[in-house]
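Residue-level structure breakdown
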Amino acid sequence: MGRVQGKIALVTGAARGIGRAQAVRLAAEGAGIVAVDICGPVDTVVIPPAQPEDLEETKRAVEATGARVITAIADVRDGAALQTVTDAAVDELGGLDIVCATAGITSAGPALELDEQAWQTMLDVNLTGVWLTCRAAAPHLIARGAGAMILTSSIAGLRGLVGVAHYTAAKHGVVGLMRSLAKELAPHNVRVNSVHPTNVDTPMIQNDMVRRSFRPDRENPTQAEFAEAATTMNMLPIPWVEPVDVANATLFLASDEARYITAVALPVDAGSTQR
């Protein structure tokens, strides 16, 4: 216990899924949490969005660990809003040590059939939003004298996937951003790494759109039929990992156990990238 005791962590996309798991896992190990989410729809995304009550549930889960938590509704595409939220949280909590840039969206379509709005929105959220998060937080980590950034990418950041070229491009971009930031921030003892999950059991995949993309032979595929197809992506015989699996990797990278690990792209993928 206490692997990040006394640290303060900023987590975007914290209302549910991986972001919530990261917030709760870091809190359980002693970190105070700044939980940020848009809590609303994003154009071109058909998956039901997180709601303010989801962020409140994250807050309750973090508080149950005994940790301090600040929540804020903000869009990672809005750099000014992110800066305001981050600065205010630092003033209230006394500093910032860990950044989890996790907010992201998904949509689908063949590369040559994507419309420009779907392409641009994907890059705006999944790549530019990560950069804006890091830009807002980096001065506070530098002022602290050390820190850790964990950028949530995907197996799509390490290999090409069919039907999600815009998502794949954005997630590859996160890796490039991570590597450049790792070099630029190393003199300040700030480490920057990325995590690369295979499918994760969250609302981002547990929906009709994704199920049908995996099982085009079924009009309304069941979860079991989806799981059967998803298992073929991985080396280990599982269809998806759990949010806590990504959170555990995040905790390691944020902790002093990883004090000399930077510029690393860490798969949490059941062997998918090597299959």
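Residues numbered from 1 in each chain as written. Predicted model: local features only at pLDDT ≥ 70, side-chain atom pairs only at ≥ 80, totals over all residues. Heavy atoms only, no water.

For the protein, an unreviewed UniProt entry supplies the name 3-ketoacyl-ACP reductase and the organism Nocardia donostiensis. Within the UniProt record for the protein, the comment given under Sequence similarities (unreviewed entry) is "Belongs to the short-chain dehydrogenases/reductases (SDR) family." (UniProt positions renumbered as here; feature names shortened; annotations may be inferred.)

What follows deals with the pattern of salt bridges. One pass over the full model with this rule turns up nine salt bridges. A salt bridge links E57 to R60, with the nearest nitrogen and oxygen atoms 2.8 Å apart. With E57 and R60 both in helix α2 (residues 52–63) and three residues apart, the pair spans about one turn of that helix. In this structure, R144 and D97 form a salt bridge, with 2.8 Å as the shortest nitrogen-oxygen distance. Of this pair, R144 sits in helix α4 (residues 116–144) while D97 sits in the loop between α3 (79–93) and β4 (98–101), and the two are 47 residues apart along the sequence. Among the charged side chains, a network of salt bridges with common partners joins R215, D217, R218, E225 and E228. (Salt bridge = Lys/Arg side-chain N within 4 Å of Asp/Glu carboxyl O. Helix = DSSP H or I, 4+ residues; strand = E, 2+ residues; numbered from the N terminus.)

Moving on, we come to the sheet that holds strand β6 (residues 190–197). Strand order in this open sheet of seven strands is β3-β2-β1-β4-β5-β6-β7, and the pairing throughout is parallel. Each edge of the open sheet is held by one strand with a lone partner, namely β3 (69–73) and β7 (265–268). Each strand axis lies, on average, 15° off the axis of its neighbour in the sheet, ignoring direction. Inspection of the sheet shows strand β5 (residues 147–152) paired to β6 by six bridges, in the parallel sense. By the bridge assignment, L151 is partnered in β6 with S194. (Pairing = 2+ DSSP bridges. Axes fitted to C-alpha atoms, helices over the stretch in contact; angles between N-to-C directions.)

Within this model, the second largest pocket holds a volume of roughly 250 Å³. Together, 15 residues line the second largest pocket, and K7, A146, G147, R191 and D256 are the ones closest to its centre. Here the lining of the second largest pocket is composed, by residue class, of six nonpolar, three polar and six charged. (1 Å grid on protein atoms, 1.4 Å probe; cavity = no way out; pocket = protein on both sides within 12 Å on 5 of 7 lines; lining within 4 Å. Points joined across faces, edges and corners; volume = space filled by probe spheres on them. Nonpolar A, V, L, I, M, F, W, Y, C, P; charged D, E, K, R; others polar.)

Turning our attention to α3. The end-to-end C-alpha distance of α3 is 21 Å, a good match for the 21 Å that 15 residues give at a rise of 1.5 Å each. Considered for burial, the residues of α3 that qualify are G79, L82, V85, T86, A89, V90 and L93. Taken end-on, α3 shows its buried residues confined to a sector of 130°, consistent with a single buried face. With respect to the buried face of α3, the exposed residues turned more than 90 degrees away are A80, T84 and D91. Looking one or two places after α3, you find G94, whose phi comes out positive at around 100°. (Expected span 1.5 Å × (residues − 1). Buried < 20%, exposed > 50% of the residue type's maximum accessible area, 1.4 Å probe, protein only. Arc of directions from axis to C-beta.)

What follows concerns the side chain of T106. If you trace the backbone, T106 turns up in the loop between β4 and α4. If we skip the residues at most four places from it in the chain, T106 touches V45, I47, M122, Y167, M204 and M209. (Contact = heavy atoms within 4.5 Å.)

Glancing now at the nonpolar core. Grouped together as the largest cluster of nonpolar side chains are 31 residues, with contacts concentrated most on V4, L26, I33, V62, I98 and I150. When contributions to this core are tallied by element, the ones reaching two or more residues are β1 (8–12), α1 (17–28), β2 (32–37), α2, β4, β5 and α8 (243–254). Counting residues per element, this core draws most heavily on α8, which supplies five residues. If sequence neighbours within four positions are ignored, V4 has contacts with L26, E29, G30, A31, I98, L251, A254 and S255. Counting 30 residues, the second largest nonpolar core, distinct from the first, contains V99, A137, A138 and V190. (Core = buried A, V, L, I, M, F, W, Y, C linked by side-chain atoms within 4.5 Å.)

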